[in-house]
Amino acid sequence: MEQKRSSFTGKIGFVLAAAGSAVGLGNIWRFPYLAAKYGGGIFLLVYIALALTFGFSLMVAEIAIGRKTKLSPIGAFRALNKKFSFIGILAAIVPVIILPYYSVIGGWVIKYIAGFVTGQGSAMASDTYFSSYIGSTAEPIVWFALFMGLTALVVILGVDKGVEKVSKIMMPLLIVLVIFIAIYVMIAVDGAWEGVIYYIKPDFSKFSIMTVVAAMGQLFYSMSLAMGIMITFGSYMKKDISIEKSTHQIEIFDSGIAFLSGLMIIPAVFAFGGEEALSASGPSLMFVTLPKIFATMPGGSFIGAVFFIMVFFAALTSSISLMETVVSTILDKFKINRKLCCVFVLLFSLVLGTFSSLGYSAWSGVTLLGMQLLDFFDFISNSILMPIVALATSIFVGFFLKPKTLIEEVELSSKFKAKKMFEVVIRYIAPVCILVILISSVLSAFGVIKI
Ligand code: PHE
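Residues numbered from 1 in each chain as written. Predicted model: local features only at pLDDT ≥ 70, side-chain atom pairs only at ≥ 80, totals over all residues. Heavy atoms only, no water.

J.: Would you mind showing me how to read the site of the ligand here?
T.: Around the ligand, a shell composed of 16 residues is seen, among which Ala 22, Leu 25, Gly 26, Asn 27 and Ser 222 lie nearest. Here Tyr 221 contributes a backbone N or O atom positioned 3.1 Å from a nitrogen atom of the ligand. Here the ligand loses 100% of its free accessible area of 310 Å² to cover by the protein chains. Of all the cavities here, the one that holds the ligand is the largest cavity. Sorting the residues of the shell around the ligand by element identifies helix H1 (11–22), helix H2 (25–29), helix H6 (85–117), helix H12 (209–222) and helix H16 (300–333) as the ones contributing at least two each. The class makeup of the residues in the shell around the ligand is eight nonpolar, eight polar and no charged. (Near = heavy atom within 4 Å. Polar contact = N/O pair within 3.5 Å; in protein donor to acceptor, adjacent residues only side chain to side chain. Areas by Shrake-Rupley, 256 points an atom, 1.4 Å probe, with all protein chains shown as cover. 1 Å grid on protein atoms, 1.4 Å probe; cavity = no way out; pocket = protein on both sides within 12 Å on 5 of 7 lines; lining within 4 Å. Sits in = over half its atoms within 2 Å of the grid points. Helix = DSSP H or I, 4+ residues; strand = E, 2+ residues; numbered from the N terminus. Nonpolar A, V, L, I, M, F, W, Y, C, P; charged D, E, K, R; others polar.)

So this is what it looks like as structure tokens:
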């Protein structure tokens, strides 16, 4: 018997769940770094312009594909055109790869919350704390399993009672915490204002084509595109909710949190070590530089704990969206029970994630293409599969399915004000932008260029 498809209860639920996916580690550990590196205000302007055109169109396309077919990526592309089912299959593979290693990082975040709460702030400020922690074999796996288990617990509860409910609690709290930390930093850190100016003032001398390339890549990752997530979430969206307005709101949320993360991080890092300290991004910014800065701040243990709790919310809502997509894809194909499916995905991810975690300790000698396991999974999914999926999607929508089909879906709920732009972007602009992302991310993974 066909089961009724789950759905979000309304617009707020949908927007917050999608924003929960979009707001993740990338907003916190990469956006501020890129903004500082590529000219401050000018980077912000380029980013916003791209979000309103390129990001907007790709997101509308994915949500509309999901809502039209009421299926997760594999079924959705097959339903639209059998010849293009391969796009759905590739898209569905991405969250399977990302979920385990993203959760390994989620485990590191829990470890740091525990560390700050139990007063180990000064130990965590040492240069080698992080590397020796991830270099230990057992403990990171335990925290990773906890993070993975929490993710699974929410997904087991279902779309409305799990994913939506958690997003409705965590996302507003996340905003409050980011604003709180940003204000705290400005008050507590001497010289923070210079950092604020450094962040916001456009520095045209740092503007180059790389500003645009970096903004494009970041936007693409930040909006959780090309991994089946927005298709899946779209499939849970009711037909009377405006896709266009919801997309704008998700973008405002995602870019807003990214901007605020910059306000929270850049002034503190800038006051601490000037431009040079700003050259760290990713794990080294979050787990090495920031704990050092917290240790020098008044109330540092408290603010460190608050910061990592905030990061935890951001990471958990993203991993939930990854797992929901994997589970939904399986449930669309095999009519099994959700709980059983979640247990299966949990076990599989625990195994794969354990490999990633061991890549820093017992298996640190194992490398693929010269990369550690976690970096390799990250490379395959982010730098290769995602741009290919996005490129294929925009060409498929632009020239085979035709933008009109999706425009009609959007217009079921409201007037589609930006439909002309949507058509042009999906057909001509998006493929070019994505090709640039693909080439630049491969070159940067192999160290030919540095973004
Ligand atoms: N959009 C998330 C971020 O900016 C990334 C992400 C989300 C990755 C969901 C995977 C899955 O960090």
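J.: Is there a simple way to think about empty space enclosed by the protein in this case?
T.: Once rolled over the atoms, a probe with the size of a water molecule shows which space is left empty. Here the structure, examined in full by the defined rule, presents three cavities of 30 Å³ or more. Put simply, the largest cavity is a space of about 130 Å³. Taken together, 15 residues make up the lining of the largest cavity; nearest its centre are Ser 21, Tyr 102, Tyr 221, Ser 224 and Met 227. Taken together, the elements giving at least two residues each to the lining of the largest cavity come down to H1, H2, H6, H12 and H16. With three residues, H16 is the single largest residue contributor to the lining of the largest cavity. Classifying every residue of the lining of the largest cavity gives seven nonpolar, eight polar and no charged. A volume near 50 Å³ is recorded for the second largest cavity. Contributions of two or more residues to the lining of the second largest cavity are made by helix H10 (159–188), helix H14 (243–277) and helix H15 (282–296). At three residues, the largest contribution of residues to the lining of the second largest cavity is made by H14. (Points joined across faces, edges and corners; volume = space filled by probe spheres on them.)

J.: Honestly, the nonpolar core in this entry has me stumped. Any pointers?
T.: The nonpolar side chains of a soluble globular protein tend to be buried, and buried together. Of all hydrophobic cores here, the largest spans 173 residues; its most connected members are Phe 54 and Phe 307. Considering each element in turn, this core owes the most residues, 19 residues, to H16. (Core = buried A, V, L, I, M, F, W, Y, C linked by side-chain atoms within 4.5 Å. Buried < 20%, exposed > 50% of the residue type's maximum accessible area, 1.4 Å probe, protein only.)

J.: Help me understand helix H5 (residues 73–80), please; the structure alone is not making it clear to me.
T.: Think of an α-helix as turning once every 3.6 residues; residues three or four places apart then point the same way. Taken as a whole, H5 has its buried residues at Pro 73, Ala 76, Phe 77 and Leu 80. Projected onto a plane normal to the axis of H5, the buried residues spread over an arc of 90 degrees and lie on a single side. In this fold, the buried residues of H5 make contact with helix H4 (41–69), H6, helix H13 (229–235), H16 and helix H18 (373–401). (Arc of directions from axis to C-beta. Contact = heavy atoms within 4.5 Å.)

J.: Can you help me understand the packing of helix H11 (residues 192–200) against H14 in this one?
T.: The relative placement of two packed helices comes down to the angle between their axes together with the axis-to-axis distance. Between H11 and H14, the least distance of the axes is 8 Å, while the angle of their chain directions is 125 degrees. On the basis of their axis angle, the class for H11 and H14 is oblique. Seen from above, H11 lies across H14 with right-handed handedness. Facing H11, whose interface residues are Ala 192, Glu 194, Gly 195, Val 196, Tyr 198, Tyr 199 and Ile 200, H14 presents Ala 258, Phe 259, Gly 262, Leu 263, Ile 266, Pro 267, Phe 270, Ala 271 and Glu 275. Taken together, the residues that form the contact of H11 with H14 break down as 12 nonpolar, two polar and two charged. (Axes fitted to C-alpha atoms, helices over the stretch in contact; angles between N-to-C directions. Parallel < 35°, antiparallel > 145°, perpendicular 65-115°, else oblique. Left-handed = near helix turned anticlockwise from the far one by under 90°.)

J.: Just to check I follow, could you spell out the pattern of salt bridges for this structure?
T.: Side chains bearing opposite charge may pair, as long as their charged atoms lie close to each other. Enumeration over the complete set of coordinates arrives at 11 salt bridges. Close ionic contact of Arg 338 with Glu 324 constitutes a salt bridge, the shortest N to O distance being 2.9 Å. In this pair, Arg 338 sits in helix H17 (residues 338–358) while Glu 324 sits in helix H16, placing the two residues 14 residues apart along the sequence. In this structure Arg 338 comes out as buried when scored by relative accessible area, which is 18%. For Glu 324, a relative accessible area of 0% puts it in the buried group. For Lys 404, the salt bridge is made with Glu 408, and the minimal N-O distance between the two is 3.5 Å. Of the two residues, Lys 404 and Glu 408 are both situated in helix H19 (residues 403–411); the distance of four residues between them amounts to about one turn of the helix. Taking the relative accessible area as the measure of exposure, Lys 404 reaches 57% and is therefore exposed. (Salt bridge = Lys/Arg side-chain N within 4 Å of Asp/Glu carboxyl O.)

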